[in-house]
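Chain residues, written in single-letter form:
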Amino acid sequence: MGLDYQWVLWNKHKKTYDKVIVFSMLLYILVFVGVTLVFKPETSIETLVIRAFGSLAIIMLHVILIIGPLSRLDSRFMPLLYNRRHLGVSMFIAAFIHGGFSLFQFHALGDVNPVYSVFTSNMDYNSLTNFPFQVLGFLALLIFFAMAATSHDFYLKNLSTKTWKRLHMLVYLAYALVIMHVFLGAFQQDSYVATALLLAVGFLVVALLHIVTGIKEVRKTKATKALLEDGWLQVCQVSEIEEDRAKIFTVEKERVAIFKYNGKLSAIHNVCKHQGGPLGEGKIIDGCITCPWHGYQYLPHNGQSPPPFTEKIAAYRLKLVGSQVYINPVALAEGTEVTPIPCNHE
Amino acid sequence: MSKKDEFYVGYLDEVGTSTRKRLKRFVVAVLLLVLVGAGIFAFSQRPFKNSTFELTQETEIEGIYHESPYPMLKVNLVDKQFKNVILLGFGKSNADPYLQDIKAMAGDIMNKKLKVKGNLIYYNGKTLIQILKPENVTIVSDDVIPLLPVKTVGVDIFEGEVIDPKCYFGVMKPGQGKIHRSCAVRCISGGIPPVLATTDDNAISEYFLLTDLEGKPINEAILPFVGKNLRVNGVVEKMEDWYLLKIDTKGIVYTHKTNVYAANNSCQSDCASLHFREAFARSH
Ligand code: HEM
Ligand code: FES
């Protein structure tokens, strides 16, 4: 949102967030190392590092993946989403230490380039039990790298929100790759029921949360009803919208948020220009629609971010017949002024 | 703010009480996950072998150099007891690059007494040494000491896994199996002698240096079989504390034995697999 890009726009919450991340990661490594040294003291230092960071990375990945649906199911989780990119970058660092050590330990100092070795030292690509699982981890690490490297808002702007979003959706592919990496790799040789169970439960939790959220999302978005003359669509009663909040409707396959504030109604496209956050789940603060994800703001009557910011969202025209709200499904050019319609019924 | 109306904006300092409570609970849950996760992952590791790699400590050994067919040093322990120490280079390579200087200087070093300084690797009665510098190999005497007697034991079938002895006997844990396969492939491809590690029903292990039918190194041909459970047949020879197995890779069969975790048994010299005992009996 800023015009100058800084590494991190620090604020109190981000600092707390990062302290929790660092503390949890250190705690994990300490416990892992401690338990190993007590119960399996004959390990080697490289194996200790590889396993501590590999298992840390996959646990962090699960936490990252559940934050999205959790915050959509209950807005009180929203602060977790706010700085999730730091969690993502931290997870990448853990995965990188794991992958880097593995790459060095198992593939370097040999007769070929270590990366070439990852792909060619085991050619059993057509076997499940013998599959070269390192390849899966390597590809996942590349995706995490791309995501971590482009996690800054600078790239968001320069890649366009859509491309960026697509890139970051690859996290699900990476998750699948990592799960296969573990089940076709380490677990083929060195696992007890407990670890397999832990990851199976993790997978179920991630999958279920996503499914439940998806269902809720669909339910929350109201379909528009019968047509009025000139293509106006009937949406809802004024009273169904809370003050300073919105309701989301699907209009011509696009989601639109209708806000009620100060006895007025305005409609804008539901998708935030930042990372595509659901504006209709946001709130009017200081007269601006405020995105629930990272707090980008837009004026309700024209979809423009207040100066000095320059983001613009498409606005829609509304009409009131009695207490019934209608919307014109034609999206206006982004940033077009639309006079809010008064609705002083309550 | 009422519970329902709480709305978090990251760059504003205020956070509603209900939100704050929820976040605290989440952090507690994460910390629990950290403790349980780390505990489970760490505790669920298979036991490691008590193999040793003296990474930071150098030892000097003296013995007779021979290639049978892999470079080794026959070291005199106590009267008439010998140990054949496998010579290795840095990383995933054999000793050849470190022997070139001395070969250039002294000509043929076969069956001559050498002094070698390096890092020892040992487990289960077998010893290897990693040489890091050509200067660490010196010639002690130009006398040629007669060749080692190699006894033919017989033909037999063994089940086990082809491992690279450098990692298996000390450098890596685990130094075998699926996790380690790629590394073993690199090591053997880099010239480290391939070894068949067998484990019998009593978890007693025996090791065989693999060669082709003519007794030549088999590094290249064995690569596709490394790190998997196999049934191998061949001609067994005994060379003091090492067995050699001359094989044809065409005769190798994959097996599905899952127990390749040779536990902490230390078996010294002659405790061979059951198969092997039979073979031994037959040949005598
Ligand atoms: C260059 C990329 C990678 C390589 C070469 C690699 C290699 C390996 C190897 C060799 C193991 C077995 C280690 C052992 O058990 O001793 C392993 C296990 C594992 N890897 Fe990876 N890996 C890579 C990337 C990743 C990534 C990106 C993740 C997840 C975020 C990951 C998660 C795990 C986990 C959870 C295990 C099982 C637990 C453990 O043994 O650490 N790996 N990996
Ligand atoms: S998506 Fe980040 S502020 Fe809207």
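Residues numbered from 1 in each chain as written. Chains lettered and ligands numbered in written order. Predicted model: local features only at pLDDT ≥ 70, side-chain atom pairs only at ≥ 80, totals over all residues. Heavy atoms only, no water.

Participant: For the interface of chain B and chain A, give the residues involved together with the corresponding values.
Facilitator: Facing the 59 residues of chain B at the interface are 77 residues of chain A. Contact between chain B and chain A buries roughly 6100 Å² in total, counting both sides, with carbon and sulfur atoms accounting for 62%. Counting across the chain B and chain A interface gives 3 salt bridges. In this structure, Asp-74 of chain A and Arg-22 of chain B form a salt bridge, with 2.8 Å as the shortest nitrogen-oxygen distance. Here chain B is connected to chain A by 24 residue pairs in polar contact (both at pLDDT 80 or more). Elements with a minimum of two residues in the side of chain B that touches chain A: α1 (17–43) and α4 (177–189) of chain B. For the side of chain B that touches chain A, the element with the most residues is α1 of chain B, which contributes 18 residues. For the side of chain B that touches chain A, the residue count by class is 29 nonpolar, 16 polar and 14 charged. (Contact = heavy atoms within 4.5 Å. Buried area = accessible area lost by both parts, 1.4 Å probe. Salt bridge = Lys/Arg side-chain N within 4 Å of Asp/Glu carboxyl O. Polar contact = N/O pair within 3.5 Å; in protein donor to acceptor, adjacent residues only side chain to side chain. Helix = DSSP H or I, 4+ residues; strand = E, 2+ residues; numbered from the N terminus. Nonpolar A, V, L, I, M, F, W, Y, C, P; charged D, E, K, R; others polar.)

Participant: Let's hear about the sheet that holds strand β6 (residues 283–285) of chain A: which residues, and what values?
Facilitator: All names here are of chain A. With respect to topology, 3 strands assemble into an open sheet ordered β6-β7-β8, the strand pairing being antiparallel. A strand with exactly one partner marks an edge of an open sheet, and here the two such strands are β6 and β8 (297–298). One ladder, built from 2 bridges, connects strand β7 (residues 288–290) with β8; its direction is antiparallel. Bridging from a neighbouring strand, Ile-289 pairs with Tyr-298 of β8. (Pairing = 2+ DSSP bridges.)

Participant: Hey, could you go over the side chain of Asn-219 of chain B for me, with residue numbers and the actual values?
Facilitator: Here Asn-219 of chain B lies in helix α5 (residues 219–222). In this structure, Asn-219 of chain B is in contact with Tyr-70, Ile-188, Gly-191, Ile-192, Pro-193 and Pro-194 of chain B, ignoring residues within four places of it in sequence.

Participant: How would you explain the site of ligand 1 if you had to name every residue and give the values?
Facilitator: Near ligand 1 lie 20 residues; those nearest to it are Arg-51, Gly-54, His-98 and His-181 of chain A together with Ile-179 of chain B. Mapping the residues adjacent to ligand 1 onto the chains of the assembly identifies chains A and B. At 2.7 Å, a side-chain N or O of His-98 of chain A approaches a nitrogen atom of ligand 1. One of the side-chain N or O atoms of His-181 of chain A is found 2.7 Å from a nitrogen atom in ligand 1. Those elements that provide at least two residues to the shell around ligand 1 are α2 (45–73), α4 (84–107), α6 (133–149) and α8 (161–183) of chain A. Of the residues belonging to the shell around ligand 1, the class tally is 13 nonpolar, 6 polar and 1 charged. (Near = heavy atom within 4 Å.)

Participant: Describe the domain arrangement of chain B, naming the residues involved and giving the relevant values.
Facilitator: All names here are of chain B. The domain architecture assigned to chain B consists of domain 1 (52–144) and domain 2 (151–283). Of the residues lining the interface, 27 residues belong to domain 1; the matching set on domain 2 comes to 38 residues. Contact between domain 1 and domain 2 buries roughly 2500 Å² in total, counting both sides, with carbon and sulfur atoms accounting for 60%. Contact with domain 2 buries surface across domain 1, with Tyr-70, Lys-92 and Lys-126 losing the most and accounting together for 31% of the total. There are 1 salt bridge connecting domain 1 and domain 2. Note that Lys-74 and Glu-240 form a salt bridge whose closest N and O atoms lie 3.0 Å from each other. The interface formed by domain 1 and domain 2 includes 14 residue pairs in polar contact (both at pLDDT 80 or more). Of all the elements in the fold, those that place two or more residues in the side of domain 1 that touches domain 2 are β1 (52–53), β3 (71–76), β4 (82–88), β5 (113–123) and β6 (126–130). The element contributing the most residues to the side of domain 1 that touches domain 2 is β4, with 5 residues. Looking at the side of domain 1 that touches domain 2, its residues break down into 12 nonpolar, 11 polar and 4 charged. (Domains from an automatic or database assignment.)

Participant: Could you give an account of the nonpolar core, with specific residues and numbers?
Facilitator: In a soluble, globular protein the nonpolar side chains are often hidden away together inside. In terms of nonpolar packing, the biggest core is built from 78 residues, with Tyr-28 and Phe-144 of chain A together with Phe-26 of chain B touching the most fellow members. The greatest single-element share of this core, amounting to 16 residues, is contributed by α2 of chain A. Taken domain by domain, the makeup of this core includes at least three residues from each of domain 1 (12–219) and domain 2 (233–342) of chain A. With residues near it in sequence (within four places) discarded, Phe-144 of chain A still touches Leu-61, Met-91, Phe-92, Val-171, Ala-174 and Val-178 of chain A. Within the second largest apolar cluster, 48 residues are counted, among which are Leu-88, Ile-188, Phe-225 and Leu-245 of chain B. (Core = buried A, V, L, I, M, F, W, Y, C linked by side-chain atoms within 4.5 Å. Buried < 20%, exposed > 50% of the residue type's maximum accessible area, 1.4 Å probe, protein only.)

Participant: Explain the sheet that holds strand β11 (residues 324–327) of chain A residue by residue, including any values.
Facilitator: Residues and elements named next belong to chain A. Pairing in this open sheet of 3 strands is antiparallel, and the strands run β2-β11-β10 from one edge to the other. Edge positions in the sheet fall to β2 (233–237) and β10 (318–321), since each has one partner strand and no second. When strand polarity is set aside, the average angle formed by the axes of neighbouring strands in this sheet is 30°. Of the pairings in the sheet, the one linking β2 to β11 comprises 4 bridges and is antiparallel in character. Following the sheet pairing, Gln-234 is matched in β11 by Tyr-326. (Axes fitted to C-alpha atoms, helices over the stretch in contact; angles between N-to-C directions.)

Participant: Quick one: what's the story with the coordination of the iron atom of ligand 1, residue by residue and with numbers?
Facilitator: All names here are of chain A. In this structure, His-98 (NE2) and His-181 (NE2) serve as the protein donors to the iron atom of ligand 1, at separations of 2.0 Å. Around the iron atom of ligand 1 sit 6 donor atoms, and with donor-metal-donor angles ranging over 86 to 179° the site reads as octahedral. Linking His-98 in helix α4 with His-181 in helix α8, this pair joins segments that are 83 residues apart in sequence. With a relative accessible area of 15%, His-181 lands in the buried category. (Donors = N, O, S within 2.8 Å, 3.2 Å for Na, K, Ca; no water. Tetrahedral: all angles 85-135°; square planar, octahedral: opposite > 155°, others 65-115°.)

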